[in-house]
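Overview (structure and organization)
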Amino acid sequence: MKRRYYSTLAVAGAAVMFGTTPALTSEYSPGSTTGPDAYFEQAGNGGYDAQHYDLKLKYDTATKLLTATADITVKTTQALESLSLDLRDLSVSAVRVNGVPATFVKTPPITTHGYREGGELIVTLPSPVRRHKTIELSIDYGGTMGQPRDNTNTRYGFVAFADGAFVANEAEGAATWYPVNDVIADKATYDFEITVPEGKTAVANGLLESQTTANGWTTFRWVAKDPMTAYLTTASIGDYDLTTQTGPNGLPIINAVDRKLTAAARNTTNASLARQPEIIAFLSSKFGPYPLEAAGAIVDNDSVGYALETQTRPIYSGSAGLGTVVHELAHQWYGNSVSPTNWSDIWLNEGFAVYATWMWTEHTGGRTTQASFDAAYAAGPTSARWAVPVAAPGATEIFGDAVYQKGAMTLQALRVKIGEKDFWQLMRRWHQQNRYEDATTASFIAMAEKLSKQDLTNFFDVWLYTAGKPAAGSW
């Protein structure tokens with residue numbers, strides 16, 4: 001919805017700009033088919049900002065066949081003759097632009113870094129469109145769903161199982177199930193209409209608006225009104241029981257728990273989810289009011305093996321442990337409401353969420369945040385924790401120990417450096433100023449220096465931009 005990055009790429013001999021509107025020209029040009037993030041160059045597109053996605057999905061769990069229509073509203077940021085959307089391995093049968101049939105080309109994914117990435121739907125506009133104009137796209141598409149893998153060989157995107165689907169898109173897996181501008185900084189609102197065999201439950205982001213059954217199929221309509229980046233969307237399908245809780249200030253908490261969890265996993269999950277109102281209240285006392293329209297969880301009996309902070313409704317594989325629930329709920333502030341502009345800044349997600357679990361541990365009578373810092377710092381100099389710079393980890397290390405643990409340590413070291421008052425003011429203002437948008441490490445540093453009235457160049461060089469274990473007293 002709003003991008004604050006700026007990049008220029010050469011496309012068909014024309015300068016294509018992302019974010020900042022380019023100078024008006026008399027010529028129309030194609031929008032870029034690649035994005036601005038150096039870690040995932042094949043993800044993202046140029047020439048427009050996505051405003052809204054209305055996804056109508058019908059999924060047969062027996063055949064794994066998806067039949068869908070995506071109605072997408074975009075606003076042009078340059079004068080366009082064509083535009084593209086990320087879409088991988090699915091077939092497109094028709095495209096309409098403002099109700100008029102349009103010609104299109106579907107390009108396949110490529111293998112460039114040891115894994116398959118990219119895949120584009122390139123649409124020729126029936127008539128060229130000037131900048132600052134709204135375009136309504138309608139795309140009919142579908143295919144047989146599988147189990148795609150990301151750049152770390154982990155299953156992601158729309159992961160099909162015999163009983164449904166686990167849908168978790170980080171980093172650029174949204175394109176495995178709908179046409180999308182698959183970059184963090186282009187947030188949009190969403191409607192989901194998901195039709196599944198009767199007896200199955202489909203769960204997406206936001207609030208459940210309706211549920212209707214006819215002729216052996218059940219349609220769930222979810223509406224997500226808060227701006228959301230594509231990797232945080234979900235349309236998970238399974239044998240879920242839906243339950244509700246009430247959080248602080250009447251916050252609706254909607255949980256979907258797989259009926260096939262083992263007894264032990266169910267006990268762990270139920271105990272953790274029961275504490276969500278308490279966790280949200282605690283985090284709100286530190287970070288400011290809960291920023292989104294809903295909360296909750298999706299707990300799936302599968303073998304994917306990780307959790308993800310899907311917006312308003314984190315998804316958990318196998319069971320939901322208490323520490324993981326705290327981590328994913330903290331992401332609703334840092335990662336979801338405020339997102340990093342590029343994947344190199346992911347410590348702004350993960351370091352903050354790990355730090356929240358340290359805070360929760362102290363709050364509930366465990367070791368202090370300083371003791372958690374000390375335990376993390378005790379790792380030897382050859383530990384993976386120190387292997388890469390936190391704010392420039394590289395594409396294959398964005399989920400690595402340095403980002404998570406050294407990222408959290410950075411916050412505790414900063415707290416000691418600038419003091420309690422300035423630190424907590426920073427944490428709250430960082431979220432308030434950037435709510436529903438994206439932000440960078442540089443802007444976080446600038447705010448920290450402004451609030452503390454300190455030059456923190458050396459501090460952040462040591463903690464964020466230098467690999468290796470920081471020497472005691474070096475910051």
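This section reports on the structure supplied with the text. Within every chain, residues take consecutive numbers counted from 1 along the sequence as written. Side-chain atom pairs in this predicted model are given and counted only at pLDDT of 80 or more, local residue features only at pLDDT of at least 70, and totals for whole chains, interfaces and linings cover all residues. To get the side-chain values, all heavy atoms of the structure are used, and hydrogens and water are removed first.

**Focus on helix 3 (residues 322–331)**
Exposure is judged per residue with a 1.4 Å probe applied to protein chains only, and the accessible area is read against the type maximum: over 50% gives exposed, under 20% gives buried, and values in between give partly exposed. A run of H or I in DSSP becomes a helix once it reaches four residues, and a run of E becomes a strand once it reaches two; helices and strands are each numbered from the N terminus. By the criterion of burial, helix 3 is predominantly enclosed, with seven of the 10 residues buried. Residues Val325, Val326, His327, Glu328, Leu329, Ala330 and His331 constitute the buried set of helix 3. Any two residues having at least one pair of non-hydrogen atoms within 4.5 Å are treated as being in contact. Where the residues of helix 3 are buried, they touch helix 1 (263–273), helix 2 (276–287), strand 24 (307–308), strand 25 (315–317), helix 4 (347–363) and helix 6 (401–418).

**Quick notes on the environment of Ile315**
Mapped onto the elements, Ile315 comes out in strand 25. A relative accessible area of 0% means that Ile315 is categorised as buried. When the C-alpha atoms of Ile315 and Asp300 are compared, they prove to be 7.5 Å apart, with 15 residues separating the residues in sequence.

**Re the pairing of strand 12 (residues 120–129)**
Note on pairing: DSSP must find at least two bridges between two strands before they are called paired. Bridge count for strand 6 (residues 80–86) against strand 12 is six bridges, and the pairing is antiparallel. For Ser82, the partnering residue across the bridge sits in strand 12 and is Thr124. In this structure, strand 9 (residues 103–107) lies alongside strand 12, joined through five bridges in antiparallel fashion. Within strand 12, the position partnered with Val105 by the bridge is Ile122.

**Overview of the sheet that holds strand 19 (residues 217–228)**
Here we have eight strands laid out as an open sheet, ordered 8-7-13-5-4-16-19-18, and mixed in their pairing. Looking at which strands have only one partner, the edges of the open sheet turn out to be strand 8 (100–101) and strand 18 (207–214).

**Some remarks on the environment of Ala263**
Mapped onto the secondary structure, Ala263 falls in helix 1. The class for Ala263 is exposed, based on a relative accessible area of 58%.

**Quick look at the pattern of salt bridges**
Pairing between side chains of opposite charge can happen when the charged atoms of each approach one another. Every case where a carboxyl oxygen of Asp or Glu lies within 4 Å of a side-chain nitrogen of Lys or Arg is listed as a salt bridge. With the rule as written, the count across this model stands at 16 salt bridges. Asp89 is the salt-bridge partner of Arg116, the closest N and O atoms lying 2.7 Å from each other. Taken together, the residues Arg116 in strand 11 (residues 116–117) and Asp89 in the loop between strand 6 and strand 7 (91–97) connect sequence positions 27 residues apart. Glu209 is paired through a salt bridge with Arg221; the nearest N and O atoms lie 3.2 Å apart. Of the two residues, Glu209 sits in strand 18 while Arg221 sits in strand 19, which places them 12 residues apart along the sequence.

**Overview of the sheet that holds strand 25**
Note: strands within a sheet are paired through backbone hydrogen bonds, in either parallel or antiparallel orientation. Read across the sheet, five strands follow the order 21-22-23-25-24 without closing on themselves; strand pairing throughout is mixed. The two strands at the open ends of the sheet, each matched to only one other strand, are strand 21 (240–246) and strand 24.

**As for the packing of aromatic side chains**
Think of it this way: a Phe, Tyr or Trp ring, Trp meaning its six-membered ring, pairs with another when their centres are within 6.5 Å, and the plane angle makes it stacked under 30 degrees, edge-to-face over 60, tilted otherwise. Considering all chains together, one arrives at 29 aromatic pairs under this definition. Look at Tyr290 and Trp333: their rings are 5.4 Å apart centre to centre, the planes differ by 90°, and that puts the pair in the edge-to-face class. With a gap of 43 residues between them, Tyr290 in the loop between helix 2 and strand 23 (295–300) and Trp333 in the loop between helix 3 and strand 26 (338–340) connect regions that are remote in the sequence. Note on accessibility: Tyr290 and Trp333 belong to one class, buried.

**A short note on the pairing of strand 20 (residues 235–238)**
The side-chain alternation of strand 20 yields two buried faces, one formed by Ala235 and Ile237 and the other by Ser236 and Gly238. Relative to strand 20, strand 17 (residues 201–204) runs antiparallel, the two being bridged by four bridges. Paired with Thr201 across the bridge in strand 20 is Gly238.

No statement about biological role is implied by the geometric values presented.
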